[in-house]
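A structural walkthrough
Single-letter residue listing:
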Amino acid sequence: MTQPLMISALGELVVARVPYSANETLQAFDQADVLALEYLQAEALLNTQSRVLMVNEPFGAITCGVTKAMVALDGSLPTLWSDSHNAHLGLQHNAYANQLPLAHFVPAQKTPQGPFDLVLFRLPKSHALLRDQLQRILPQLTPSALIIMPIMVKHMDKAVYQLLESLLGTVTTSLARKKARLVFAGNHGGINATSNAGSNARENKAALKQTLKPAETSWELPSYGLFLHHFSGVFSRNKLDPGAQVLLHLFPKGPFQRIIDLGCGNGIQAIVAAKKWPQCEVIGIDESYMAVASATINATANGVAAQCEFMAGDCLTEIPSQSADLILCNPPFHQERVMGDQIAMRMFAQAAQVLTASGEFWVVGNRHLGYHAKLKRWFSRVEQVGGHPKFVVLKAQL
C-alpha cells in the first residue's frame, strides 16, 4: 500500500490524514507546511536551546519534521497545542509511522507552559479561537521569540491580516511559493503585543493568570430555561444555531434510557435530553476539546451533570456496539477549511453499529446535503420528521 510521502528540507516523512482511509484523496499536508520546514532548515532555527511550540497542526506534518530534527540535535521534543482530538490522533499515527518519539500535546482548553522561543502557528478558521490562542500564548514567549505562520495564500485575506496586526503589531510575509507563504512576527518585525502583554503581566500576576484561561462567552436560552457558556472556537458561540433550533423544536418523544449526542458542541441537545428524561444517561462526544469543556460546564450550570458525560473522541469509535437507544446528531459539513461529508458519513456508519435494534438515530442537516438518501446505506427506515426551508430533521432506524 502506497503511503503519502512529504518531502521537505528536513527529510522525507510518511504523513497520513486521520481517521485513516486507504482510499483517501486529500493530503495530510500542504505547501505551507513544506515551506515552513524549508525555512527552519535554511535559517538554522532549530538548535539545542530551542523550545518549540506548534499550534493547530491538523495531522502533525510540521511537528513530525521538527521532532525528527530536534531528536537528532539533543533529544528534546516540541509541543503541539490544538483543539482537535483528531489532530492528537494524527500526531500519534504519524509519529509511529515515522518511528519518532511522540511530541508533547496540550489540548486547547489548557495553555502550554513556556517560555517558548519559536512558534509555528497554523491559523484556525475561527477568528475567535485565533485571538484567544494568541492572547494566551504571548505571555509564554521569550523576548526574542519568533512566530512563523504558514498559510496558503487563498486563506490570507485582509481581515485575517488586520487581526494579526492588532494582536502582534508589525507582521511581515515571505514571497509566495506554490500558492503558500509564511507570515512572521517577533524578531522579524517585533511582537508589540508581546511586550505589552508581558509588562502588564509583570505588573499584575492576576492579569497573567487570566490570560492563561480560554476566552469565554455566555448567553441565555429563556425558551428552554438554560444558561450556556462557550469557549472560543466552539460552533455557535453567541446564539443557538438554526439547525439545533429545528432539532430541539422537533425533539424525540421517548422515553429513552441511554442517549448519545454525537458532535455535541456546547452540549445543548444532551442537556435538553437529560432534563426531559431524568432517569436517562447521556454521553456527549465531540472532536473539539473546547466543545467538550464547554458542554461539561453547561451540564453543571444547568443541573444535569450527574446524568451527563462528555468526552473528546473520534465519532463513536470508543462506544460499544448496540449500546444506545437514541443518538442525536447535528453533523459538521467541513473539517477546518475542507468542505465535504466524510465526517457525516463516518458518523452515520458508526451510529448504525452503536444503536440498539429498536433505537432511533435523529439527524438535522441542510436540505441540499441529501442525508435522506445517504442514510439508507446503513438504515432500513429513514423518514423526514419535519424541517424548515433550509434544514430537515430525519429519523433513521435499523
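Above this text sits the structure in question.
No experiment lies behind these values; they were computed from the predicted model shown.

With that settled, the discussion passes to the overall build of the protein chain. Looking only at helices and strands, the protein chain has twelve helices and 20 strands in total. Taken over 398 residues, the protein chain has a buried fraction of 53%. Considering only contacts in the protein chain between residues 6 or more positions apart, those separated by 24 or more positions represent 70%. Accessible area of the protein chain: about 17,700 Å², with a carbon and sulfur share of 53%.

Axis separation between helix α4 (residues 127-137) and helix α5 (residues 158-168) bottoms out at 11 Å; the angle between their running directions is 20°. By the criterion of interaxial angle, the relationship of α4 to α5 is roughly parallel. Every pair of crossing elements has a handedness; the one defined by α4 and α5 is right-handed. Here His127, Leu130, Arg131, Leu134 and Gln135 of α4 come into contact with α5, specifically with Ala159, Val160, Leu163, Leu164, Leu167 and Leu168. Taken together, the residues of the contact of α4 with α5 break down into eight nonpolar, two polar and one charged.

To continue, consider the nonpolar core. If you look at the biggest cluster of nonpolar residues, it comprises 73 residues, and the most contacted ones within it are Val66, Leu120, Ile148 and Ile259. In terms of residue count, helix α1 (residues 31-42) provides more of this core than any other element does, seven residues in total. The residues contacting Ile148, other than those within four sequence positions of it, are Tyr39, Leu40, Leu45, Leu118, Val119, Leu120, Phe121, Leu182, Val183 and Phe184. In this structure, Ala324, Phe348, Ala351 and Leu394 belong to the second largest nonpolar core, which totals 29 residues.

This model, assessed by the stated rule, comprises eight aromatic pairs. Plain terms: the ring middles of Tyr39 and Phe184 are 4.9 Å apart, the flat faces sit at 45° to each other, and that makes the pair tilted. Residue Tyr39 is found in helix α1, and its partner Phe184 is found in strand β9 (residues 180-186); the two are separated by 145 residues along the sequence. Judged by its relative accessible area of 15%, Tyr39 falls in the buried class. Aromatic side chains Phe105 and Tyr289 sit 5.8 Å apart centroid to centroid with 50° between the ring planes, which places their arrangement in the tilted category. Taken as a pair, Phe105 in strand β5 (residues 104-107) and Tyr289 in helix α10 (residues 289-301) lie far apart in primary sequence, 184 residues in all. Take Phe105 and Tyr289: they sit in the same class, and that class is buried. Cluster of aromatic residues (ring-pair linked, three or more members): Phe348, Phe361, Tyr371, Trp378 and Phe379.

Side chains carrying opposite charge are able to pair once their charged atoms draw close together. Under the counting rule described, the total for this entry stands at seven salt bridges. Arg177 is the salt-bridge partner of Glu38, the closest N and O atoms lying 2.7 Å from each other. Of the two residues, Glu38 sits in helix α1 while Arg177 sits in the loop between β8 (172-173) and β9, which places them 139 residues apart along the sequence. In this structure Arg177 comes out as partly exposed when scored by relative accessible area, which is 32%. Of the charged contacts, one joins Arg136 and Asp132 as a salt bridge, the two residues approaching to 3.1 Å between their closest N and O atoms.

In space, the seven strands of this open sheet follow the order β5-β4-β3-β6-β7-β9-β8, with mixed pairing throughout. Two strands lie at the open edges of the sheet, namely β5 and β8, each paired on one side alone. α1 contacts β6 (116-121), β7 (141-152) and β9 of the sheet and is inclined by roughly 50° relative to β9. Against the sheet, α4 contacts β3 (52-55), β4 (79-82), β6 and β7, and its axis sits at roughly 170° relative to β6.

The strands that make up a sheet pair up through hydrogen bonds in the backbone, lying either parallel or antiparallel. Reading across the sheet, the seven strands line up as β14-β13-β12-β15-β18-β20-β19 and stay open at both edges, with mixed pairing between neighbours. Edge positions in the sheet fall to β14 (308-312) and β19 (381-387), since each of these pairs with one other strand and no more. Between one strand and the next, the sheet's axes are offset by a mean angle of 20°, whatever the strand orientation. The pairing of strand β15 (residues 324-329) with strand β18 (residues 355-366) spans five bridges and is classified as parallel. Bridge assignment links Leu326 to a residue of β18, and that residue is Glu360. Sitting on the sheet, helix α11 (residues 342-354) touches β12 (258-262), β15 and β18, and the angle it makes with β18 is about 160°.

This paragraph deals with α5. Listed in full, the buried residues belonging to α5 are Val160, Leu163, Leu164, Leu167 and Leu168. Axial view of α5: buried residues confined to an arc of 110°, hence all on one face. Exposed residues lying more than 90 degrees from the buried face of α5 are Lys158 and Ser166. One side-chain oxygen at the N-terminal end of α5 lies 3.3 Å from the backbone nitrogen of Ala159; it belongs to Asp157.

Calculation rules
- Residues take numbers from 1 onward in each chain, read along the sequence in its written order.
- A pLDDT threshold of at least 70 governs which residues receive local features in this predicted model, and a stricter bar of 80 or more applies before side-chain atom pairs are shown or counted, although totals over entire chains, interfaces and linings include all residues.
- Hydrogens and water molecules were not included; the side-chain quantities draw on all heavy atoms of the structure.
- In this description a helix means any DSSP run of H or I spanning at least four residues, a strand means any run of E spanning at least two, and both kinds are numbered starting from the N terminus.
- Under the scheme applied here, a residue whose accessible area is under 20% of the maximum for its type counts as buried, over 50% as exposed, and between as partly exposed, the area being computed with a 1.4 Å probe on protein chains only.
- The contact rule is simple, with two residues in contact once any of their heavy atoms fall within 4.5 Å.
- To be clear on the numbers: accessible area is Shrake-Rupley with a 1.4 Å probe, and residue cover counts the displayed protein chains and nothing else.
- Think of each axis as a best-fit line through the C-alpha atoms, taken over the contacting stretch in the case of a helix, with angles from 0 to 180 degrees between the N-to-C directions.
- Note on terminology: angles under 35 degrees are roughly parallel, angles over 145 are roughly antiparallel, angles of 65 to 115 are roughly perpendicular, and the others are oblique.
- Left-handed describes a crossing whose near helix is turned anticlockwise from the far helix by less than a right angle; the clockwise case is right-handed.
- Residue classes follow a fixed rule: Ala, Val, Leu, Ile, Met, Phe, Trp, Tyr, Cys and Pro count as nonpolar, while Asp, Glu, Lys and Arg count as charged, and any other residue, Gly among them, counts as polar.
- Residues enter a nonpolar core if they are buried and are Ala, Val, Leu, Ile, Met, Phe, Trp, Tyr or Cys, with the set joined through side-chain atoms within 4.5 Å.
- Ring geometry is summarised as follows: Phe, Tyr and Trp rings, the Trp one being its six-membered ring, pair when their centres sit within 6.5 Å, and such pairs are stacked at plane angles under 30 degrees, edge-to-face over 60 and tilted between the two.
- Salt bridges are defined as contacts in which a side-chain nitrogen from Lys or Arg sits within 4 Å of a carboxyl oxygen from Asp or Glu.
- In this analysis, strands are considered paired if DSSP registers two or more bridges between them.
- Note that the arc is computed from the directions linking the helix axis to the C-beta atoms.
- Throughout this description, a polar contact denotes any pair of N or O atoms lying within 3.5 Å of each other; where both atoms belong to protein, one of them has to be capable of donating a hydrogen while the other can accept it, and for residues adjacent in sequence the pair is counted only when both atoms sit in side chains.

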